[in-house]
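Chain by chain, the residues run as shown.
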Amino acid sequence: INDPTVEMTFSVNDSPLAGREGKYVTSRQIRDRLQKELLKDVALKVEDSATTDSFRVMGRGEMHLSILIETMRREGYEFQVSPPRVLYQMIDGKKCEPIERLVCDVPQEYVGAVIEKLGSRKGDLAEMTPIGSRMKLEFLIPARGLFGYRNEFLTDTKGEGIMASVFDSYAPYKGDLARRNTGSLVAFETGESITYGLFNAQERGQLFIGAGVPVYEGMVVGVSPKQEDITVNVCKKKQLTNMRASGSDDALRLVPPKQMSLEQCLEFLADDELLEVTPHALRIRKTILNHEKRMKATHGGKK
């Protein structure tokens, strides 16, 4: 059995909405559930981290861990997870990273798109075999290059591609990968999202939530096309005066929000973000919820 190559931090949910939706929310319950998982999942490793309410969970890849997250969520657990991180090793004094052997079976017309995408993720094409009207491609690619690729792959191949990966070896670090080049739309205050506030916010980027959704300060409510994060007030009500009636709000048209799966949420997470997982919702949030403290931490770190 190969050693784990990817780790995530599972921690107790400490958001303002904590404890409302889940049945099991304490660190003891989460620890017991992870220990129970170890009995049947031999490729998983769990360690206590520096704090008492979080655990390092190591597995064989992003999908391995996302299946565990989804299973726990359906059983009524509520917790937070960090973005997935690759486990590096020092071999002969060099920093080495896990390399996966990725096999893709795609229709011939989509081969170019797949090779181009995997090339930008530091993947090397090892073999190419035609099988009828399809093509079998083999790549050697860093494990971190596969984070969030599955959804892109299905889009690029119109749902017809098949991909599977297996651990190959450790190789010297291949350099930095381009992470997401978009920012987050971050909620400015705690409350409930309102059509008027969402209508103004949707001009800044694509939203993840509709109207009538509970939000809190520091929660990520959308994606911004710019690189930096933008704070938006989605709880903003229309100021009523004798010139403006509340009924004219009905004319506001909202773009349907983007619904994200668990894998898409994990791929989207930036280093300063966490994913809040509950039986009813997946919420992306900033690690530091307060806007002023977050700005101090960001700009203090750059000096």
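Peer 1: Where do I start with the pattern of salt bridges in this structure?
Peer 2: Summed over the entire model, instances satisfying the criterion amount to 25 salt bridges. Linking Asp105 and Arg134 is a salt bridge whose minimum nitrogen-to-oxygen distance equals 2.8 Å. One end of the pair, Asp105, is in strand 7 (residues 94-107); the other, Arg134, is in strand 9 (residues 134-142), with 29 residues separating them in the sequence. For Asp105, a relative accessible area of 24% corresponds to the partly exposed category. Glu152 is paired through a salt bridge with Arg121; the nearest N and O atoms lie 3.0 Å apart. Of this pair, Glu152 sits in helix 4 (residues 149-156) while Arg121 is found in the loop between helix 3 (111-120) and strand 8 (124-131), placing the two residues 31 residues apart along the sequence. Its relative accessible area of 24% is what places Glu152 among the partly exposed residues.

Peer 1: Before we go on, may I ask you to explain the sheet that holds strand 11 (residues 183-187) in this structure?
Peer 2: Whether parallel or antiparallel, the strands of a sheet pair through hydrogen bonds between backbone atoms. Taken together, the four strands give an open sheet; going across it, the order is 13-15-11-16, and neighbouring strands pair in mixed fashion. Bordering the open sheet on either side are strand 13 (206-207) and strand 16 (230-232), each of which pairs with just one other strand.

Peer 1: In this structure, what is going on with the side chain of Glu37? I would like to understand it.
Peer 2: Within the fold, Glu37 resides in helix 1 (residues 27-40). For Glu37, a relative accessible area of 9% translates into the label buried. Residues in contact with Glu37, not counting those within four places in the same chain, are Leu44 and Leu68.

Conventions adopted
- Residues numbered from 1 in each chain as written.
- Predicted model: local features only at pLDDT ≥ 70, side-chain atom pairs only at ≥ 80, totals over all residues.
- Heavy atoms only, no water.
- Salt bridge = Lys/Arg side-chain N within 4 Å of Asp/Glu carboxyl O.
- Helix = DSSP H or I, 4+ residues; strand = E, 2+ residues; numbered from the N terminus.
- Buried < 20%, exposed > 50% of the residue type's maximum accessible area, 1.4 Å probe, protein only.
- Pairing = 2+ DSSP bridges.
- Contact = heavy atoms within 4.5 Å.

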